[in-house]
Amino acid sequence: MTAMAKAHEPHTQVAEHGASEQHVLGLYRKHLSRGRATLAELFGCHVEHHSEGAWMTTSDGEKFLNCGGYGVFILGARHPIVLEEVQRQLATNPMGTRILLEPTAAEAAEMLCSVVPKGLERVHFSVSGAEAVETGLKLARANGFKRTVSMVNGYHGKSLGALSATAKDVYQRPFRPLIPDFAHVPFGDTDALEAELKAHPGQTAVILEPVQGEAGVILPPAGYLKQVEGLVREYGGFLILDEVQTGMGRLGEWWGADLEEITPDVLLTGKGIGGGVMPVSAAIATRKAFKPFDKDPFVHTGTFAAMPVLMAAVKGSIRALQEERLVTRAMELGTALLPRIADIAYRNIGHLVKDVRGQGLLIGVELVEPGLAGELLTELFNNGIVANHSMTGSAVVRFTPPAILTDVEVQTLLSAWDQATRDLIANSATMPGGH
């Protein structure tokens with residue numbers, strides 16, 4: 001055997017897997033985060049290798065149905081329409097000069113404005129959801145709204161301005177003092193919101209999510225969003241709707257705003273807008289709200305904002321959702337999945353379940369204590385399903401499956417969920433103090 005042939009001879013899968021795991025784990029510990037490394041060990045130190053559609057494959061060949069990703073994968077992974085757009089752009093002009101006109105950004109903005117509530121006409125693209133939140137908050141300040149009200153347990157990101165709106169002590173404490181003049185009221189409580197608006201008429205911006213995802217899939221009372229919009233208009237406020245997680249079909253409509261036919265001053269989107277291929281976010285505003293940015297194009301910028309390759313992903317994402325009717329599919333899948341997930345949960349672990357709730361493909365199962373959520377996530381993983389915890393609702397296991405799930409994949413999810421809940425009981429019973 002020649003030296004070259006020997007160099008290309010495949011290693012055994014086991015040896016390759018073991019070396020890869022330990023090498024990557026060591027790099028995480030040395031250069032990224034010891035905490036993330038410890039978390040990885042709890043899930044068996046698997047190393048992601050390949051993704052396709054609803055599936056993620058590890059370096060040792062294990063396949064997992066990806067119902068996590070915190071809302072990123074509404075189209076699954078590597079959707080062919082998104083890849084087509086991105087690959088075309090990579091072959092021509094992936095990064096722009098930011099001095100000349102660039103058609104991909106203009107086309108992406110036009111497409112995005114065609115699917116948002118009527119009256120939202122101006123777009124500022126960025127990279128992360130937190131950046132979109134910062135854009136919304138800065139638009140409010142630039143328009144003269146010096147106070148901001150957000151919702152208790154809401155989640156808007158962890159950059160300094162976004163963190164000021166994210167009313168969670170564990171995230172805020174290390175970074176105080178934060179941005180001044182932020183107040184927090186209970187989600188769903190219009191009386192508390194009205195008191196804040198009434199005390200500061202014409203001065204207050206309100207930021208909220210249509211459904212609180214990181215709080216554990218908290219749904220508001222019927223009509224709440226419409227009431228919030230009415231109160232903000234009555235007291236001369238400014239409304240920012242954070243749809244970074246809930247938008248792009250996740251709730252079975254294009255936007256949570258569509259559920260109650262409201263139009264905020266600024267709508268924020270991210271996660272799914274990049275099609276599971278590129279990191280992109282955007283703030284889409286009314287002409288009036290966007291006026292401060294229209295006057296000076298350099299007052300709020302980012303080096304990678306609206307870069308052509310990112311804009312290609314936006315175009316591909318919107319095309320895929322439209323051409324494959326995936327917003328409708330998300331509604332159909334959510335309608336079918338929610339009662340079946342609930343039935344299995346109550347049948348197998350009913351004494352451990354506080355609630356099962358959801359809207360579209362954002363579904364949460366609340367357990368009686370946070371530790372159980374961690375155990376159940378592990379059992380799901382052991383049965384081939386990736387799901388998520390909730391950052392401000394730590395007792396909630398969250399499912400955010402893609403809208404491309406086939407009927408066979410739906411059954412795979414439900415069968416694994418059934419087994420995972422049974423395993424939770426079986427494994428807990430063998431531990432000291434088991435449930």
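Before going into details, it helps to say that this report is about the structure given with it. (Residues numbered from 1 in each chain as written. Predicted model: local features only at pLDDT ≥ 70, side-chain atom pairs only at ≥ 80, totals over all residues. Heavy atoms only, no water.)

## A few points about the packing of helix α4 (residues 80-90) against helix α13 (residues 308-323)
Then, number 1: Relative orientation of the contacting elements α4 and α13 amounts to 155°, with a least axis distance of 7 Å. Put simply, α4 runs roughly antiparallel to α13. With respect to the hand of their crossing, α4 and α13 are arranged in right-handed fashion. Touching Ile81, Val82, Glu84, Glu85, Val86, Gln89 and Leu90 of α4 are Pro308, Val309, Ala312, Ala313, Lys315, Gly316, Ser317, Arg319, Ala320 and Glu323, all from α13.
Then, number 2: Residues that form the contact of α4 with α13 fall into these classes: nine nonpolar, three polar and five charged. (Axes fitted to C-alpha atoms, helices over the stretch in contact; angles between N-to-C directions. Helix = DSSP H or I, 4+ residues; strand = E, 2+ residues; numbered from the N terminus. Parallel < 35°, antiparallel > 145°, perpendicular 65-115°, else oblique. Left-handed = near helix turned anticlockwise from the far one by under 90°. Contact = heavy atoms within 4.5 Å. Nonpolar A, V, L, I, M, F, W, Y, C, P; charged D, E, K, R; others polar.)

## Quick look at the sheet that holds strand β13 (residues 385-386)
Then, number 1: Taking strand neighbours across the sheet as the criterion, the four strands line up as β1-β2-β3-β13 in an open arrangement whose pairing is mixed. Each edge of the sheet is formed by a strand with only one pairing partner; in this case those strands are β1 (48-52) and β13.
Then, number 2: As judged from the two bridges shared by strand β3 (residues 63-66) and β13, these two strands associate in the parallel manner. Across the sheet, Leu65 pairs through a bridge with Ile385, a residue of β13. (Pairing = 2+ DSSP bridges.)

## With respect to the side chain of Thr148
Then, number 1: With respect to the helices, strands and loops of the structure, Thr148 is situated in strand β5 (residues 147-151).
Then, number 2: Ignoring anything within four residues of it in the chain, the contact list for Thr148 reads Leu137, Arg141, Asp181, Phe182, Ala183, Ala205 and Ile207.

## Quick word on the pattern of salt bridges
Then, number 1: One pass over the full model with this rule turns up 23 salt bridges.
Then, number 2: A salt bridge links Asp407 to Arg329, with the shortest nitrogen-to-oxygen separation between them at 3.4 Å. With Asp407 in helix α16 (residues 407-429) and Arg329 in helix α14 (residues 326-349), this pair connects stretches of sequence that are 78 residues apart.
Then, number 3: Among the salt bridges present, the one from Arg422 reaches Asp418, with a minimum N-O distance of 3.1 Å. (Salt bridge = Lys/Arg side-chain N within 4 Å of Asp/Glu carboxyl O.)

## With respect to the sheet that holds strand β8 (residues 238-243)
Then, number 1: Taken in spatial order, the seven strands of this open sheet run β4-β10-β9-β8-β7-β5-β6, and their pairing is mixed. Whereas interior strands pair on both sides, the edge strands pair on one side only; in this sheet they are β4 (120-126) and β6 (182-185). Pairs of neighbouring strands in the sheet enclose a mean axial angle of 20°, with direction left out of account.
Then, number 2: Across three bridges, β5 lies against strand β7 (residues 204-208) in parallel orientation. Each residue of the ladder has a partner; that of Thr148, found in β7, is Ala205.
Then, number 3: Its contacts with the sheet place helix α10 (residues 224-234) against β5, β7 and β8, and it is angled at close to 150° to β8.
Then, number 4: The strands that helix α12 (residues 287-295) touches are β4, β8, β9 (266-269) and β10 (281-286); relative to β10, the one it contacts most, it runs at about 115°.

## What about helix α6 (residues 129-142)?
Then, number 1: Here α6 contains 14 residues, and its C-alpha end-to-end distance of 20 Å stays within 8% of the 20 Å for a straight helix at 1.5 Å per residue.
Then, number 2: When we look at burial in α6, the residues that qualify are Ala130, Ala132, Val133, Glu134, Thr135, Gly136, Leu137, Leu139 and Ala140.
Then, number 3: Trailing α6 by a residue or two, Gly144 shows a phi angle of about 95°, which is positive. (Expected span 1.5 Å × (residues − 1). Buried < 20%, exposed > 50% of the residue type's maximum accessible area, 1.4 Å probe, protein only.)

## Regarding α10
Then, number 1: Those residues of α10 that sit buried are Tyr224, Leu225, Val228, Glu229, Leu231 and Val232. Around the axis of α10, the buried residues are gathered within 165° of arc, so they sit on the same side.
Then, number 2: Close packing links the buried residues of α10 with β5, α9 (190-199), β7, β8 and α11 (256-259).
Then, number 3: Once α10 finishes, Gly236 follows within two positions and takes phi at roughly 65°, a positive value. (Arc of directions from axis to C-beta.)

## Digging into the nonpolar core
As a rule of thumb, nonpolar side chains are buried together in soluble globular proteins.
Then, number 1: Ranked by size, the top nonpolar core spans 91 residues in total, and within it Leu112, Phe125, Val206, Leu208, Leu367 and Phe399 carry the most contacts.
Then, number 2: By residue number, the principal contributor to this core is α14, which donates 10 residues.
Then, number 3: Sequence-distant contacts of Leu367, that is, excluding residues within four places in its chain, are made with Ile349, Leu352, Val353, Lys354, Leu372, Ala373, Leu376, Ala395 and Val397.
Then, number 4: The next biggest cluster of nonpolar side chains, apart from the first, holds 22 residues, and it includes Ala130, Phe145, Ala205 and Phe293. (Core = buried A, V, L, I, M, F, W, Y, C linked by side-chain atoms within 4.5 Å.)

## Details of the packing of aromatic side chains
The geometry of an aromatic ring pair is captured by two quantities: the separation of the ring centres and the angle between the planes.
Then, number 1: Under the criterion given, the structure shown has six aromatic pairs.
Then, number 2: Their ring planes at 40° and their centres at 5.2 Å tell us that Phe145 and Phe238 sit as a pair that is tilted. Residue Phe145 is located in the loop between α6 and β5, and its partner Phe238 is located in strand β8; the two are separated by 93 residues in the primary sequence. The pair formed by Phe145 and Phe238 is uniform in burial state, with each residue classed as buried.
Then, number 3: Pairing Phe187 with Tyr224 gives two aromatic rings, centres 5.3 Å apart and planes at 75°, and the pair type is edge-to-face. You can see Phe187 sitting in the loop between β6 and α9 and its partner Tyr224 sitting in helix α10, a full 37 residues away along the chain. (Phe/Tyr/Trp six-rings, centres within 6.5 Å; stacked < 30°, edge-to-face > 60°.)

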